[in-house]
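Below are the chains, spelled out letter by letter.
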Amino acid sequence: MEAPLSSWPWQNLGSFKYLLYGPFVAKVMYSRYQEDSIWATWCLHVLILCSLRGLIYQLWSSFSNMLFLTRNRRIIKDGVDFKQIDKEWDWDNFVLLHAVMATLACYMLPNLVNLPIWDLSGLVVITILHIVISEPLYYCLHKCFHGNYLFSHYHSLHHSSAIPQPFTAGHATFLEQILLGGVIGIPILGSCLMGYGSVAIIYGYVLVFDFLRCLGHCNFEIIPHQLFLAFPFMKYLLYTPTYHNLHHTEIGTNYCLFMPLFDVLGNTLNPKSWDMHAKASVESGKNGRVPDFVFLAHVVDMTSALHVPYMFRSFSSIPFSTKLFLIPLLPLSFLAMLVMWLYSKPFLNTFYYLRGYLHQTWVVPRFGFQYFLPFAAQGINKQIEQAILRADRLGVKVISLAALNKNEALNGGGTLFVNKHPNLRVRVVHGNTLTAAVILKEIPNDITEVFLTGATSKLGRAIALYLCTKQVRVLMLTSSTERFQKIQKEAPAEYQKYLVQVTKYQAAKNCKTWIVGKWITPREQNFAPTGAHFHQFVVPPVLPFRRDCTYGDLAAMRLPLDVQGLGSCEYTMERGVVHACHAGGVVHSLEGWTHHEVGAIDVNRIDLVWEAALKHGLKPVSSFRQID
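Predicted, not measured: the structure shown is a model, and the values here were computed from it.

The rules we used
Numbers given to residues run from 1 along each chain, matching the order in which its sequence is written. Confidence filtering applies because this is a predicted model: local features only for residues at pLDDT of at least 70, side-chain atom pairs given and counted only at 80 or more, and all residues used for totals across whole chains, interfaces and linings. By convention in this description, side-chain values take in all heavy atoms of the structure and omit both hydrogens and water. Strand pairing requires that DSSP identify at least two bridges connecting the strands. Only runs of H or I of at least four residues qualify as helices and only runs of E of at least two qualify as strands under DSSP, and these elements are numbered from the N terminus. It only takes one pair of heavy atoms within 4.5 Å for two residues to be counted as in contact. Lines are fitted to the C-alpha atoms to define the axes, a helix being fitted only along its stretch in contact, and any angle between axes, read from their N-to-C directions, falls within 0 to 180 degrees. Here the expected span of a helix is defined as 1.5 Å times the quantity of residues minus one. Only protein chains enter the accessibility calculation, which uses a 1.4 Å probe; a residue whose area is less than 20% of its type maximum is buried, one above 50% is exposed, and one in between is partly exposed. UniProt positions are given in the numbering used here, feature names are shortened, and annotations may be inferred rather than shown by experiment. Salt-bridge detection follows one rule: a side-chain nitrogen of Lys or Arg within 4 Å of a carboxyl oxygen of Asp or Glu. Between 30 and 60 degrees the pair is tilted, below 30 it is stacked and above 60 it is edge-to-face, where a pair is any two Phe, Tyr or Trp rings, Trp via its six-membered ring, whose centres lie within 6.5 Å. In this scheme, Lys NZ or Arg CZ marks a charge over a ring once it lies within 6 Å of the ring centre and within 35 degrees of the ring normal. Here the word oblique covers every angle except those under 35 degrees (roughly parallel), over 145 (roughly antiparallel) and from 65 to 115 (roughly perpendicular). We call Asp, Glu, Lys and Arg charged. Ala, Val, Leu, Ile, Met, Phe, Trp, Tyr, Cys and Pro are nonpolar, and the rest, Gly among them, are polar. Think of a nonpolar core as a cluster: buried Ala, Val, Leu, Ile, Met, Phe, Trp, Tyr and Cys residues, connected wherever their side-chain atoms sit within 4.5 Å. Note that the domain bounds reflect an automated or database-derived domain assignment.

A. Inspection of the sheet that holds strand β14 (residues 577–579) at higher detail. Overall, antiparallel pairing links the three strands, which are arranged β14-β12-β15 in an open sheet. The open sheet has two edge strands with one neighbour each: β14 and β15 (619–620). Here strand β12 (residues 556–558) pairs with β15 via two bridges, running antiparallel. In the strand pairing of β15, M557 is matched with P620. Most of the contacts of helix α23 (residues 580–591) go to β14, to which it runs at about 95°, and overall it touches β12 and β14.

B. Region of interest: α23. Taking 1.5 Å of rise per residue, the 12 residues of α23 would be expected to cover 16 Å, and the 16 Å separating its terminal C-alpha atoms lies within 8% of that figure. With respect to burial, α23 is a largely interior element, 11 of its 12 residues being buried. When we look at burial in α23, the residues that qualify are A580, C581, H582, A583, G584, G585, V586, V587, H588, S589 and L590. Of the residues one or two after α23, G592 is the one with positive phi, at around 70°.

C. Representation of the UniProt feature "transmembrane region" (unreviewed entry) in the protein in the model. Per the UniProt annotation, the sites labelled "transmembrane region" (unreviewed entry) are residues 39–70, 122–141, 178–206 and 324–343. For the annotated span residues 122–141, helix accounts for 100% and strand for 0% of the residues, and the straight-line distance between the end C-alpha atoms is 26 Å.

D. Broad picture of the pattern of salt bridges. Tallied over the entire structure, the rule returns 18 salt bridges. One salt bridge connects R355 with D562, and the closest N-O pair in it is separated by 2.9 Å. Placement of the pair is R355 in the loop between β2 (347–354) and β3 (357–364) and D562 in the loop between β12 and β13 (563–564), with a sequence separation of 207 residues. Judged by relative accessible area, which is 39%, R355 ranks as partly exposed. Put simply, R473 and E449 hold a salt bridge, and the shortest N to O gap is 2.4 Å. One end of the pair, R473, is in strand β7 (residues 473–477); the other, E449, is in strand β6 (residues 449–452), with 24 residues separating them in the sequence. We classify R473 as partly exposed; its relative accessible area is 36%. Taking the relative accessible area as the measure of exposure, E449 reaches 24% and is therefore partly exposed. What you see here is one network of salt bridges that share partners, running through K17, D90 and D92.

E. Spotlight on the packing of aromatic side chains. Here the structure, examined in full by the defined rule, presents 34 aromatic pairs. Between the aromatic rings of Y239 and F258, the centroid separation amounts to 5.7 Å while the plane-to-plane angle is 65°, which identifies the pairing as edge-to-face. Highlighted residues: Y239 in the loop between α10 (225–230) and α11 (241–249) and F258 in the loop between α11 and α12 (261–265), separated in sequence by 19 residues. The residues Y239 and F258 share a single accessibility class, namely buried. Ring plane angle 15° and centroid distance 4.8 Å describe the contact between F534 and Y551, whose orientation is recorded as stacked. Of the two residues, F534 is situated in strand β10 (residues 533–536) and Y551 in strand β11 (residues 550–551); the sequence distance between them amounts to 17 residues. You can call F534 buried: its relative accessible area is 1%. Looking at Y551, the relative accessible area reads 1%, which means it is buried. Between R390 and the ring centre of W362, over which it is positioned, the NZ or CZ distance is 4.6 Å. Against the face of W593 rests R605, its NZ or CZ located 4.8 Å from the ring centre.

F. Structural view of unusual backbone geometry. In this structure, N219 takes a positive phi of about 65° despite not being glycine. In this fold, N219 is placed in the loop between α9 (199–217) and α10. On the basis of relative accessibility, which here comes to 0%, the residue N219 falls in the buried class.

G. Quick look at the packing of α9 against α11. Across the interface, α9 lies against α11 with an axial gap of 7 Å and an inter-helix angle of 65°. Regarding the angle of α9 to α11, the classification is roughly perpendicular. Residues L215, G216 and H217 of α9 pack against P241, H244, N245 and H248 of α11. Residue classes in the contact of α9 with α11 are distributed as two nonpolar, five polar and no charged.

H. Quick look at the nonpolar core. L434, L467, L499, I515 and I606 are the most contacted members of the largest nonpolar core, which has 59 residues in total. Ranked by residues supplied to this core, first place goes to helix α20 (residues 458–468) with eight residues. Each of two domains, domain 2 (293–429) and domain 3 (440–554), supplies a minimum of three residues to this core. Setting aside its immediate chain neighbours within four residues, I606 contacts T433, A436, A437, L440, A462, Y466 and I601. One finds C50, Y239, L257 and W274 within the second-largest nonpolar core, a separate group that totals 57 residues.

I. Spotlight on the pairing of β3. Here β3 lies mainly inside the structure; seven of its eight residues are buried. Taken together, the seven bridges between β2 and β3 define a ladder with antiparallel strand orientation. When the bridges of β3 are listed, F347 appears paired with V363. Linking two consecutive strands that pair antiparallel, namely β2 and β3, is a turn of two residues; a positive phi of about 55° is found at R355 within it.

J. Fine view of the UniProt feature "domain: Fatty acid hydroxylase" (unreviewed entry) in the protein. According to UniProt, the positions carrying the feature "domain: Fatty acid hydroxylase" (unreviewed entry) are residues 128–268. Counted over residues 128–268, helix gives 62% and strand 0%. Its end C-alpha atoms are 23 Å apart.

What follows is the structure in structure tokens.
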């Protein structure tokens, strides 16, 4: 049976809980025109304060997820996984609760409504009340909630988050947040009742309170140890992220709200607190663990640029799709694009662990359209080369190039860098061998004919050569007879007859298996017969148009189940699913292969790479999709 006040009254409402702010909005709008404006002003203050509180938590979350800034300062090195993100999804419940509590206080004590904007004396009073009442009260309550019953029925929810994050600070039960509202409210009510209250003091106290809560849960050390060396007494007045992390990892110590002084007085101070903070602060300037594998991605477009953990952690944890809330943020994305174009270098975006190996995703700071600007090619190759050389210096074993980073016209599928730097220790991989394998394994064994667009591309060539040896007739769409004949001559003599050049889409009007390597319009899709299936390896994917046909997604594989710390989706892929070129780099790393995989695909290795992927627990993802 659920403990009383452990669950939230609106927990089943989902996103509709935000409608509960409706009465506040209605009161503001109604009172402005029909009643005394004082109540409208205070409802407006409540709404503004709620927005600012949410913004503080979001900004702290963004900062803590900017791994390119915080990676060497992280206290717990593990990543935040999908399980924790889902658990903390409704972290902002307490903001709504405290808005209701504040409104009730205003109605019960009308004198609180008519406050001055500023009263300097109130700053001293509210600080004293916080130190004398809120700090010891929270300490005692927190210690009580670590008792057997209260911990197991209430406080264990907060501690169930393995990696403290700013949103973890708000992740607690209904009862705990009611009591926290009291801890925040006592100094505010006290200063107001004593005649020293003001609007500015209330705003300041609540926002500083939230700021310090986020500070303690951010999981990276930001407070320099030199501060405590210069002012030793400060370590008793202000906790640090390291200090509070110890409370989460070694339960039974460091119960204080913000001031370690009360842990000293209560004899609950963890003896490792100061040493760990000093160590974390001193080592923050050193490079952390070297990744074993790096996937070098790039930005797709303006909206997908917002699908990163340091923008909205929850949004990045689900497959990307364009949402209405992204539209107002497009100017920010455009500004970021300009800044990255003018001055930026490849940066760390996400990471996860697989069987003890550290895998990271780095991002080339270029958007998709820039790859098609002739004057931008040299700069993009310089960015990719910079990432490869950095990986080589660090001691990374494998770096895999994503989509446009391995474009044949741009750098020959990575051959440019391997030829330019013949002594690279890091293995450069385009991952296309596994991409080809994923596409080929989706094709049923009884298929006798396929239609292939993008037939003379790197992937198209490999697919055609592989299928013809299986005695599958391949209709290769290309206007270049020279390119077609070059590929045909690569096939064994007895299988060359299975490769057929076609120059029009009409040639495939009776073929139900289309392999799309070149973007096709709805008009071109119309040439496919009813019941056709569109496999594809084209970026961006084709737009599904035919209701009587099915469409495959881009080649992808699901990572093994023992992956750890994975908390973001790779573009439009499902959770735990990565593009096949990413998976190809993973396999290359796990197998310990020492060759570069660049340039043309070695058709003879397609089955070998596929079997290696399955051996290591990677699984193909069904790509069958039909328009509803």
